[in-house]
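So you can see what is in the structure, the chains are spelled out below.
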Amino acid sequence: MTRHTTSPRQPRHRNGEPQGYEQGVFAHRTVTELDRLLTLQADWDTTTRHIIQRLHPEPGWDCLELGAGAGSIARWLATTCPRGRTTATDIDTGHLTGDLPDNLHVLRHDVIHDDFAPSSFHLIHARALFVHLPSRQQVLTKAARWLKPGGWLVVEDPDVFPAQSSLHPLFRKVALAGADLLSSTLGTDLRWPRTQPTPLLQAGLTQPGLHISVGTVGDHSPSHRLWQATFDQIRPALLQRDLLTPDEATELDALVTQPTFRDACLATVSAWGQRGAHLSATV
């Protein structure tokens, strides 16, 4: 495996502007973040692999995994396309370690500011990334140019719309408070994914696809464990910003552990599009 490191970018945090992902509640240096990423992998990997397999990846494909996190899909792509090269990027590659396939290249890369050569990849996949980018449409359009003609871009992000209809007022309040917290600190828009696949079409891609799955809370499922790990990690920030009171946090803990409690929380919105022979984007 070859490793290449770019220079780290400084976060922008002036006058209440978003502080940058690497300084926020999901920063890789947070002691619980790796465990949270592992719960995300356990919840999302089966769907991600199924969607990519529908695109019939070939052994010689060159693949790009943007915001690779703990690297499960990057490792899978490298073994699925053994004669190609898979590039796994993140602004912090600290979790992309261990026994990695020889054709997996780890790159420290800021998708907002950094670039790749046009027509470099047969497949680009990004999970829980674009939702956190304030300039997401511009980056989507840039990423579409990195595709070879006929290549695919697969984007998967969480959306808060199921929690908006929750019949449990406190659960609904906390879910929407979490969305507001991420919006104010990271520039996240947990309502943007539901607009897919329109953003991919605006980036010039064709042959759009869409899959939406809704996670449940209260059943100790992988979705529940991901929700719990995420809530536990952002809880201090919610309390600090008065988006949640200590009494409400205690009440919520009791609510979600009741044997009869079941509710929907975040949806996973997966969308994909293909680059044609000519790319015409509208931004």
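Everything here concerns the structure above.
Residues numbered from 1 in each chain as written. Predicted model: local features only at pLDDT ≥ 70, side-chain atom pairs only at ≥ 80, totals over all residues. Heavy atoms only, no water.

Undergrad: Would you mind going over the packing of helix α5 (residues 169-186) against helix α8 (residues 246-256) with me for this structure?
TA: Helices that pack against each other are described as a pair by the angle of their axes relative to one another and the distance between those axes. Where α5 contacts α8, the axes come no closer than 10 Å and their chain directions differ by 115°. In the packing of α5 onto α8, the handedness of the crossing is left-handed. Touching L170, F171, K173 and V174 of α5 are E248, E251, L252, L255 and V256, all from α8. Along the lines of polarity and charge, the residues of the contact of α5 with α8 split into 6 nonpolar, no polar and 3 charged. (Axes fitted to C-alpha atoms, helices over the stretch in contact; angles between N-to-C directions. Helix = DSSP H or I, 4+ residues; strand = E, 2+ residues; numbered from the N terminus. Left-handed = near helix turned anticlockwise from the far one by under 90°. Contact = heavy atoms within 4.5 Å. Nonpolar A, V, L, I, M, F, W, Y, C, P; charged D, E, K, R; others polar.)

Undergrad: So what exactly am I meant to see when it comes to the environment of D110 here?
TA: Here D110 lies in the loop between β4 (104-108) and β5 (121-127). Each C-alpha atom of the pair D110 and D90 lies 6.8 Å from the other, and the pair is 20 residues apart in sequence. Within the structure, the side chain of D110 is placed 3.0 Å from the backbone nitrogen of I112, a separation counted as a polar contact. (Polar contact = N/O pair within 3.5 Å; in protein donor to acceptor, adjacent residues only side chain to side chain.)

Undergrad: Just checking my understanding: could you explain the state of the cysteines for this structure?
TA: Among covalent bonds in proteins, the disulfide is the one between the sulfur atoms of two cysteines. The full count for this structure, using the stated rule, is 0 disulfides. Sulfur of C63: no disulfide; nearest cysteine sulfur belongs to C81 and is 3.8 Å away. Looking at C63, the relative accessible area reads 0%, which means it is buried. (Disulfide = S-S within 2.5 Å. Buried < 20%, exposed > 50% of the residue type's maximum accessible area, 1.4 Å probe, protein only.)

All quantities given are derived from atomic positions and should not be read as evidence of function.
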